[in-house]
Amino acid sequence: MTLGTLDRTPPPFFKQGPSALTRLLFFSSLAVFMMVADVRFQVTQPLRAALATVLHPIQQSLLAPVHGWEQAGHYLRGLDEARRAENVAEQAVAAQAERVMRVASLEAENTRLRQLLELRPRINVQTLAAEVLYDAPDPYTRKVVLDRGGRHGVVLGAPVLDESGVLGQVTRVYPLTAEVTLVTDRDAAVPVLNARTQQRGVAYGMPQAQGMELRFMAGNADVQQGDHLLTSGLDGIYPAGLPVAKVLKVDRRADSAFARIWLTPMAEPDSPKHVLVLHPVQDQLPARPSDPAASAAHAGQGASLASLPAPGTSAVPPQEGRAP
């Protein structure tokens, strides 16, 4: 048999179906479609929650050697650290004894004044202690994962603090864990209040510089290096008065109407261990009255305000038949 008559096509056993380029285009399109659907419609959120629940025991088992090593190190260093902490605590207690004595009287006075002015009592924020398990695997964001989730009372949007200040906000809740977006993330924004000037602003995250930035402040705004920024409480999420950041540098550029202000977070986003999860303030505000009795009370209050005398006239009604 001559060579020209040989069949050079591969036998059916070695046929692989569609070409490699066709499969690459198909799976690439499928991946892009799933990413867009996840971002826009959250279609994979139930799958994420189920997968996180299933993988939680595996994560705990993989973290067991790390926790064991850390516990051994803490045990060896614990005695000296406890003695130093005891000395520091005794000095702090002695230095703050007088202040504590005055705080009790000031709180009582503040309560009496609020009752006198008929102001609403301050909101007692509910808290939950949690521990940071690990950093989120996404290298383009600044997030951490906590060991508390929806079953423990963590809700979406809850503020998270450490011992120094605001650390971030809960952006994803799973049954046993929760994901926290740190204040240094590029998508993080916290309404703040300058403690020195009482001027409001918004602090944004700067992941590249591992810090924060106070944006949209006028070039002649009264902001100085070293100013402390606190939560303003206007967003209904963070309670007012929590430390957020400190002004690191102010750059007043002549070619721009806004100043460039860099901030240093008061919390430690890179090394948090134990945190405190708060319930959002808006979830604890009392509901507005909607019953007819409340509406009648508001109507009566409006009628009483309408019956007040005009400015410059006497509020005492004339008394007839009274001898001069």
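Whatever comes next refers back to the structure up there.
In this text the structure is predicted, and so the values were computed from the model without any measurement.

Rules and cut-offs
- Residues numbered from 1 in each chain as written.
- Predicted model: local features only at pLDDT ≥ 70, side-chain atom pairs only at ≥ 80, totals over all residues.
- Heavy atoms only, no water.
- Helix = DSSP H or I, 4+ residues; strand = E, 2+ residues; numbered from the N terminus.
- Contact = heavy atoms within 4.5 Å.
- Pairing = 2+ DSSP bridges.
- Axes fitted to C-alpha atoms, helices over the stretch in contact; angles between N-to-C directions.
- Buried < 20%, exposed > 50% of the residue type's maximum accessible area, 1.4 Å probe, protein only.
- Polar contact = N/O pair within 3.5 Å; in protein donor to acceptor, adjacent residues only side chain to side chain.

Peer 1: What exactly am I supposed to notice about the side chain of Asn194 here?
Peer 2: For Asn194, the location among the structural elements is in strand β6 (residues 189-194). Dropping the residues within four chain positions of it, Asn194 is found in contact with Gln199, Asp222, Val223, Asp227, His228 and Leu229.

Peer 1: What exactly am I supposed to notice about the sheet that holds strand β1 (residues 127-135) here?
Peer 2: For sheets, the rule is that strands pair by backbone hydrogen bonds, running either parallel or antiparallel. One closed barrel accounts for six strands, arranged β1-β2-β5-β4-β3-β12; its pairing is antiparallel. Adjacent strand axes in the sheet meet at a mean angle of 45°, parallel and antiparallel pairs treated alike. By the bridge criterion, two bridges tie strand β3 (residues 159-161) to strand β12 (residues 274-278) in an arrangement that is antiparallel. Across the sheet, residue Leu161 finds its bridge partner in β12, namely Leu276. Its contacts with the sheet put helix α2 (residues 45-95) on β1 and β4 (166-173), and the angle it makes with β1 is roughly 75°.

Peer 1: Any chance you could explain the side chain of Arg142 here in plain terms?
Peer 2: Its place among the elements puts Arg142 in the loop between β1 and β2 (143-146). Accessibility expressed as a relative area gives 15% for Arg142, which makes it buried. Here the side chain of Arg142 touches Asp270 through a polar contact of 2.6 Å, side chain to side chain.

Peer 1: For this particular structure, what's the right way to read the sheet that holds strand β9 (residues 228-231)?
Peer 2: Here six strands make up a closed barrel; going around it, the order is β6-β7-β8-β11-β10-β9 and the pairing antiparallel. Within this sheet the neighbouring strands show an average axis-to-axis angle of 40°, counted without direction. Pairing geometry for strand β8 (residues 211-218) and strand β11 (residues 258-265), over five bridges, is antiparallel. Its bridge partner being in β11, Ala218 is matched across the sheet by Phe258.

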